Amino acid sequence: VQLQASGGGFVQAGGSLRLSCAASGRTFSSYTMGWFRQAPGKEREFVAAISWGGGSTYYADSVKGRFTISRDNAKNTVYLQMNSLKPEDTALYYCAADLGTITTMRSRPEGIESWGQGTQVTVSS
């Protein structure tokens, strides 16, 4: 599956953004989908993931309660709604797709099947 992320931008602290990741291919609904981010000089980190049917989600502690991941399998798209943004959320955000579980996506990101290009999110203080 090929992924195309969009929706990044520049926002003030406390603001909101919604990222989208559109997937090509007819098997999108079979994939666990996730979002990762990487800030300058830092390691890539897990942000959120959603199961193939949308029934299960998981969030990093740093975004829990502020970010919401969702998916629309009819549109082959996964979303990341980001509210109450903080300067420390500034990063390049990547979407990811894998046929494994949320647990494997979180624990073995090096094994993830597909990555989208990054979309930059910048939060000013």
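Residues numbered from 1 in each chain as written. Predicted model: local features only at pLDDT ≥ 70, side-chain atom pairs only at ≥ 80, totals over all residues. Heavy atoms only, no water.

(A) Spotlight on the nonpolar core. Judged by nonpolar contacts, the single largest core of 37 residues is most densely connected at M33, W35, L80, M82 and Y93. For M82, the contacting residues outside a window of four places in its chain are G15, S16, L17, L19, R66, F67, Y93 and V121. (Core = buried A, V, L, I, M, F, W, Y, C linked by side-chain atoms within 4.5 Å. Buried < 20%, exposed > 50% of the residue type's maximum accessible area, 1.4 Å probe, protein only. Contact = heavy atoms within 4.5 Å.)

(B) Spotlight on the side chain of T77. Locating T77 in the fold gives a position in strand β8 (residues 77-82). Here T77 falls in the buried class, since its relative accessible area comes to 9%. At a separation of 2.8 Å, a polar atom in the side chain of T77 contacts the main-chain carbonyl oxygen of K75. Discounting chain neighbours no more than four positions away, the residues touching T77 are S20, C21, A22, F28, S70, R71 and D72. (Helix = DSSP H or I, 4+ residues; strand = E, 2+ residues; numbered from the N terminus. Polar contact = N/O pair within 3.5 Å; in protein donor to acceptor, adjacent residues only side chain to side chain.)

(C) Quick look at the pairing of strand β3 (residues 17-23). In terms of burial, β3 is largely enclosed, as 5 of its 7 residues are buried. In this structure, strand β1 (residues 3-6) lies alongside β3, joined through 4 bridges in antiparallel fashion. By the bridge assignment for β3, Q4 is matched with A22. Across 6 bridges, the pairing between β3 and β8 is antiparallel. Counterpart to C21 in the pairing with β8 is V78. (Pairing = 2+ DSSP bridges.)

(D) Structural view of the side chain of R37. Relative to the helices and strands, R37 is located in strand β4 (residues 32-38). Within the local environment of R37, its side chain forms a polar contact with the side chain of Y93, the two groups lying 2.9 Å apart. Leave out the neighbours within four places in its chain, and R37 touches E43, R44, E45, V47, S62, V63, F67, E88, D89, A91, L92 and Y93.

(E) Fine view of the packing of aromatic side chains. Under the defined criterion, the tally for this structure stands at 3 aromatic pairs. Measuring from ring centre to ring centre gives 5.6 Å for F36 and F46, while their planes differ by 80 degrees; the resulting arrangement is edge-to-face. Of the two residues, F36 sits in strand β4 while F46 sits in strand β5 (residues 45-50), which places them 10 residues apart along the sequence. Judged on exposure class, the residue F36 and its partner F46 are both buried. In textbook terms, an aromatic cluster arises when at least three aromatic residues are bridged by ring pairs, as seen for F36, F46, Y58 and W115. R44 extends its terminal NZ or CZ atom over the ring of F36, reaching a point 6.0 Å from the ring centre. (Phe/Tyr/Trp six-rings, centres within 6.5 Å; stacked < 30°, edge-to-face > 60°. Lys NZ or Arg CZ within 6 Å of the ring centre and 35° of its normal.)

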